[in-house]
Protein chains: 2
Amino acid sequence: MSATVHTLPNARQPSLDPVMALVSKDMQAVNSVILSRMQSDIPLIPELAGHLIAGGGKRMRPMLTLACARLLDYGGTRHHLLAAAVEFIHTATLLHDDVVDGSDLRRGKRTANIIWGNPASVLVGDFLFSRSFELMVEDGSLKVLRILSNASAVIAEGEVNQLTAQRQVSTSEDKYLDIIGSKTAALFAAACRIAAVVAERDEGVELALDSYGRNLGIAFQLVDDAIDYVSDAAQMGKDVGDDFRDGKVTLPVILAYARGSTEERRFWEDAMLGHRVSDDDLSHAKSLLQQHDAIADTLVRARLYARRAIDALAPFPAGQARSALVEAAEFAVARGY
Amino acid sequence: MSATVHTLPNARQPSLDPVMALVSKDMQAVNSVILSRMQSDIPLIPELAGHLIAGGGKRMRPMLTLACARLLDYGGTRHHLLAAAVEFIHTATLLHDDVVDGSDLRRGKRTANIIWGNPASVLVGDFLFSRSFELMVEDGSLKVLRILSNASAVIAEGEVNQLTAQRQVSTSEDKYLDIIGSKTAALFAAACRIAAVVAERDEGVELALDSYGRNLGIAFQLVDDAIDYVSDAAQMGKDVGDDFRDGKVTLPVILAYARGSTEERRFWEDAMLGHRVSDDDLSHAKSLLQQHDAIADTLVRARLYARRAIDALAPFPAGQARSALVEAAEFAVARGY
């Protein structure tokens, strides 16, 4: 055990490659659980679910479950089922999110709600959500069931909270952090925490991994928010300015609004109501963000959360797994630069 | 134990009064669980959920859990939490159903999706669904979790199945029975079955109560289908002809279509596509149903399922609880006459 965690030398850009390599065998097992458990006699279910599940996501959350299990030297296979359960919850959430937001593109592909309609997306989301609980029941740990049912309730609360804050540019930074803490970070935290449960480690370990996941989730989300306004970010599978055109109030906007003149505030209010969707409007938005250091300061905050995530790993023994998880947190932030 | 169950003398109309009286004290406890567990720091959640939960439903499913527990002389209180979990699953399903169907009225009141919008209904449904699993985890029975997570997956599958059969008047009676078996009867079955689990009875008892609930659920649904075309059914909180105007393919329509002439079939096809929504069209539909005994034969089938439900109670000792459950099944059918 070592008390401090040394970050990697800056020789190369941090990436997810080490964590992906660490879990690649386990991930194959998870993928086959995912494929077999999304089947149903109703063909529309695997068709629709498969569109999103095969759609090029990074499988970040199940990857975290697997990597944390590796960090704890867990030698069993229970986490395969549970990592699939986590991915099903995430997929269900995405399906419902796209309905709620009326989104038409995700990761550069047409969304399920556009192809099959909102009703099918709602119902297949419900199916995947139920199926995820069936997987957890199959594993049989009430502790895991508690962690993931609680995370699911928190996610839904966060989504409703965001809905009521929608297009309100005066949302405070605190409220925004609450929202992403629920919407994004709760499932990251739970995905990591359940590794401690399957490895039968004590609550201190559970809480350390929970903290790693939660802070990592916030860092990822904040960098996503920043990237949406940064032009060379095509690798996200998201167009620049999507959040802006959808009137999504994210941290860069919150900061620029708080720091802006009356006239600038009026611009942001108009924009978040959807009245400023031209390329010129987006350029103007970007120049305001620049002027008020809103992107840079969003990234400063993201670094802080990534740092906390890394610090949460201090109690664990140095080695391949810990280094890979540290680098994942560095990667989260590096994407924004 | 007695091998046959005698139905009540026909002196008065069967009603739900005996079963409601049987569980009224327990139901108060369930209602307070429901009220306390639908709370959240996000005010929209209890507001929206409360609209539907306080909206005059009969609480059939939790009532069944309570009554079955009484049938088994269960003396504890675990079923209060679990009956609330069942009602939350049901409420989540209704919220999503109304979004899927674009419904504007339920039980004579404006639906949540009309008042608060589809996004809020989807997300609050997700919240209630997650909360129901939190309640089950609090109880701690993996068996109950298995029964209800499985029922939830089956419900979602049934809904997707119905979606793909939507407006297809050539749906077979078998497929329709499959759909309502999943959509409606699965949760009735689970609500009854979990009473055997909390009362720690053997699998035979579980299966008997599952059968009671499943058959009762189908009987209720078939009679609902019939009532939609019967004029003095205002007590349902549903307008006559709602299913017809919404293009919902139910058993009366399936029977009339199967038995109809080419011209009549064309009428039903048009109607199910939503091109026949006038009062005259509804009158014509009713006369075709009459001519082909479609309502009467739907009720014949409902009687059969109610009879099976009653027979499933044969192994249980005679007494107030069994009589009340028998009468509930008789009530299910009597509503149609």
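Here the structure is a predicted model, which is why all the values come from computation and not from measurement.

## Let's talk about the overall build of chain A
Across its full length, chain A carries 15 helices and 2 strands. Looking at chain A residue by residue over its 337 residues, the buried ones come to 60%. Taking all contacts inside chain A whose residues are at least 6 apart in sequence as the whole, residues at least 24 apart take part in 76%. Taken as a whole, chain A presents about 13,300 Å² of accessible surface, with 48% of it coming from carbon and sulfur.

## Considerations on the nonpolar core
Counting residues in each nonpolar core, the largest one holds 254 residues, and the members touching the most others are Trp268(A) and Trp268(B). Discounting residues that sit within four places of it in the chain, Trp268(B) has contacts with Val169(B), Phe244(B), Val253(B), Ala256(B), Tyr257(B), Ala285(B), Leu288(B) and Leu289(B).

## Describing the environment of Arg259(A)
Residue and element names in this part refer to chain A. Mapped onto the secondary structure, arginine 259 falls in helix H11 (residues 251-259). When the C-alpha atoms of arginine 259 and aspartate 104 are compared, they prove to be 32 Å apart, with 155 residues separating the residues in sequence. Beyond its immediate chain neighbours, meaning those up to four positions away, arginine 259 contacts His292, Asp293, Ala294, Asp297 and Arg301.

## Here we look at the relation of the copies chain B and chain A
Rotating chain B by 180 degrees about the axis while translating it 0.0 Å along that axis superimposes it on chain A, leaving an RMSD of 0.0 Å. Look at the turn and shift together and you get a two-fold axis relating the two. Mapped onto chain A, 100% of the interface residues of chain B are again interface residues, and the two copies thus contact each other with one and the same surface.

## Notes on the interface of chain B and chain A
Listed by partner, the interface residues are 34 residues for chain B and 34 residues for chain A. Viewed at the interface, chain A and chain B are joined by 0 salt bridges. Inspection of the region where chain B meets chain A yields 8 residue pairs in polar contact (both at pLDDT 80 or more). Of all the secondary structure elements, the ones that give two or more residues to the side of chain B that touches chain A are helix H2 (44-53), helix H4 (78-101), helix H6 (118-139) and helix H7 (142-165) of chain B. When residues in the side of chain B that touches chain A are grouped by element, the largest group, 14 residues, is from H7(B). Counted by class, the side of chain B that touches chain A contains 19 nonpolar, 9 polar and 6 charged residues.

## Section: unusual backbone geometry
Residue Glu200(A) is not a glycine yet carries a positive backbone phi of 55 degrees. The topology assignment puts Glu200(A) in the loop between helix H8 (173-198) and helix H9 (203-227). Positioned with a positive phi, Arg59(B) is a non-glycine residue whose angle comes to about 55 degrees. As for its placement among the helices and strands, Arg59(B) is situated in the loop between H2 and helix H3 (60-71).

## Details of the state of the cysteines
Residues and elements named next belong to chain A. Following the criterion strictly, the structure yields 0 disulfides over all chains and no others. This cysteine, cysteine 192, is not joined by any disulfide, and cysteine 68 carries the nearest cysteine sulfur, 3.7 Å off. Since its relative accessible area comes to 0%, cysteine 192 is described here as buried.

## Examining the packing of aromatic side chains
To describe a pair of aromatic rings, you give the distance between the ring centres and the angle between the ring planes. Scanning the model with the defined rule gives 16 aromatic pairs over all chains in all. Taking the centre distance of 6.3 Å and the plane angle of 25 degrees together, the rings of Phe244(A) and Phe267(A) count as stacked. Of this pair, Phe244(A) sits in helix H10 (residues 242-245) while Phe267(A) sits in helix H12 (residues 262-272); the two residues are 23 residues apart in sequence, bridging distant segments of the chain. Every member of this aromatic cluster is reached through a ring pair, and the members are Phe129(A), Phe133(A), Phe129(B) and Phe133(B). Of note, Arg265(A) hangs over the ring of Tyr257(A), and the distance from its end group to the ring centre comes to 4.7 Å.

## What to know about the packing of helix H7 (residues 142-165) of chain A against H6(B)
Between H7(A) and H6(B), whose axes approach to 8 Å, the crossing angle comes to 160 degrees. Classified by the angle between their axes, H7(A) and H6(B) sit roughly antiparallel to one another. As H7(A) packs across H6(B), the resulting crossing turns out to be left-handed. Taking contact as the criterion, the partners of Leu142(A), Leu145(A), Arg146(A), Ser149(A), Asn150(A), Ser152(A), Ala153(A), Ala156(A), Glu157(A), Glu159(A), Val160(A) and Leu163(A) in H7(A) are, on H6(B), Pro119(B), Ala120(B), Leu123(B), Val124(B), Asp126(B), Phe127(B), Ser130(B), Phe133(B), Glu134(B) and Val137(B). The residue inventory of the contact of H7(A) with H6(B), partitioned by class, reads 13 nonpolar, 4 polar and 5 charged.

## Topic: the environment of Cys192(A)
Here Cys192(A) shows up in helix H8. Not counting residues within four places of it along the chain, the set of residues in contact with Cys192(A) comprises Leu64(A), Cys68(A), Leu209(A), Tyr212(A) and Gly213(A).

## Considerations on the confidence of the model for chain A
Here chain A shows a mean pLDDT of 92. Residues at 70 or above account for 94%. Mean pLDDT across the secondary structure elements of chain A bottoms out at strand S1 (residues 105-106) of chain A, with 80, and peaks at helix H3 (residues 60-71) of chain A, with 98.

## Considering helix H14 (residues 294-312) of chain A
Residue and element names in this part refer to chain A. For H14, with 19 residues, the first-to-last C-alpha span of 27 Å sits near the 27 Å given by 1.5 Å per residue. Among the residues of H14, Ala294, Ile295, Thr298, Leu299, Ala302, Tyr305, Ala306, Ala309, Ile310 and Ala312 are the ones counted as buried. Projected onto a plane normal to the axis of H14, the buried residues spread over an arc of 150 degrees and lie on a single side. For H14, the secondary structure elements touched by its buried residues are H8, H9, H11, helix H13 (279-291) and helix H15 (320-334).

## Regarding the side chain of Ser121(A)
Residues and elements named next belong to chain A. Turning to its location among the elements, serine 121 is positioned in helix H6 (residues 118-139). Judged by relative accessible area, serine 121 falls into the buried class, the value being 0%. Not counting residues up to four positions away in its chain, the partners in contact with serine 121 are Leu48, Leu95, His96, Val99, Ala112 and Asn113.

## Things to note about H6(B)
Residues and elements named next belong to chain B. Taking 1.5 Å of rise per residue, 22 residues should cover 32 Å, and H6 covers 32 Å from first to last C-alpha, within 8% of that figure. Counted residue by residue, H6 has 19 buried out of 22 residues, so it is predominantly covered. A positive phi of about 95 degrees marks glycine 140, the residue just after H6.

## Section: the pattern of salt bridges
Inspection of the entire model under this criterion finds 39 salt bridges over all chains. A salt bridge links Asp224(B) to Arg335(B), with the shortest nitrogen-to-oxygen separation between them at 2.9 Å. Taken together, the residues Asp224(B) in helix H9 (residues 203-227) and Arg335(B) in the segment after helix H15 (320-334) connect sequence positions 111 residues apart. Across the pair, Arg335(B) and Asp224(B) agree in class, each one buried. The residue Asp297(B) makes a salt bridge to Arg259(B) at a minimum N-O spacing of 2.8 Å. Of the two residues, Asp297(B) is situated in helix H14 (residues 294-312) and Arg259(B) in helix H11 (residues 251-259); the sequence distance between them amounts to 38 residues. With a relative accessible area of 35%, Arg259(B) lands in the partly exposed category. Ionic contacts of the salt-bridge type, sharing partners, join the residues Lys143(A), Arg193(A), Glu206(A), Asp210(A) and Arg214(A) into one network.

What counts and what doesn't
Residues numbered from 1 in each chain as written. Chains lettered and ligands numbered in written order. Predicted model: local features only at pLDDT ≥ 70, side-chain atom pairs only at ≥ 80, totals over all residues. Heavy atoms only, no water. Helix = DSSP H or I, 4+ residues; strand = E, 2+ residues; numbered from the N terminus. Buried < 20%, exposed > 50% of the residue type's maximum accessible area, 1.4 Å probe, protein only. Contact = heavy atoms within 4.5 Å. Areas by Shrake-Rupley, 256 points an atom, 1.4 Å probe, with all protein chains shown as cover. Core = buried A, V, L, I, M, F, W, Y, C linked by side-chain atoms within 4.5 Å. Least-squares fit on C-alpha atoms with pLDDT ≥ 70 in both. Salt bridge = Lys/Arg side-chain N within 4 Å of Asp/Glu carboxyl O. Polar contact = N/O pair within 3.5 Å; in protein donor to acceptor, adjacent residues only side chain to side chain. Nonpolar A, V, L, I, M, F, W, Y, C, P; charged D, E, K, R; others polar. Disulfide = S-S within 2.5 Å. Phe/Tyr/Trp six-rings, centres within 6.5 Å; stacked < 30°, edge-to-face > 60°. Lys NZ or Arg CZ within 6 Å of the ring centre and 35° of its normal. Axes fitted to C-alpha atoms, helices over the stretch in contact; angles between N-to-C directions. Parallel < 35°, antiparallel > 145°, perpendicular 65-115°, else oblique. Left-handed = near helix turned anticlockwise from the far one by under 90°. pLDDT = per-residue confidence, 0-100. Expected span 1.5 Å × (residues − 1). Arc of directions from axis to C-beta.

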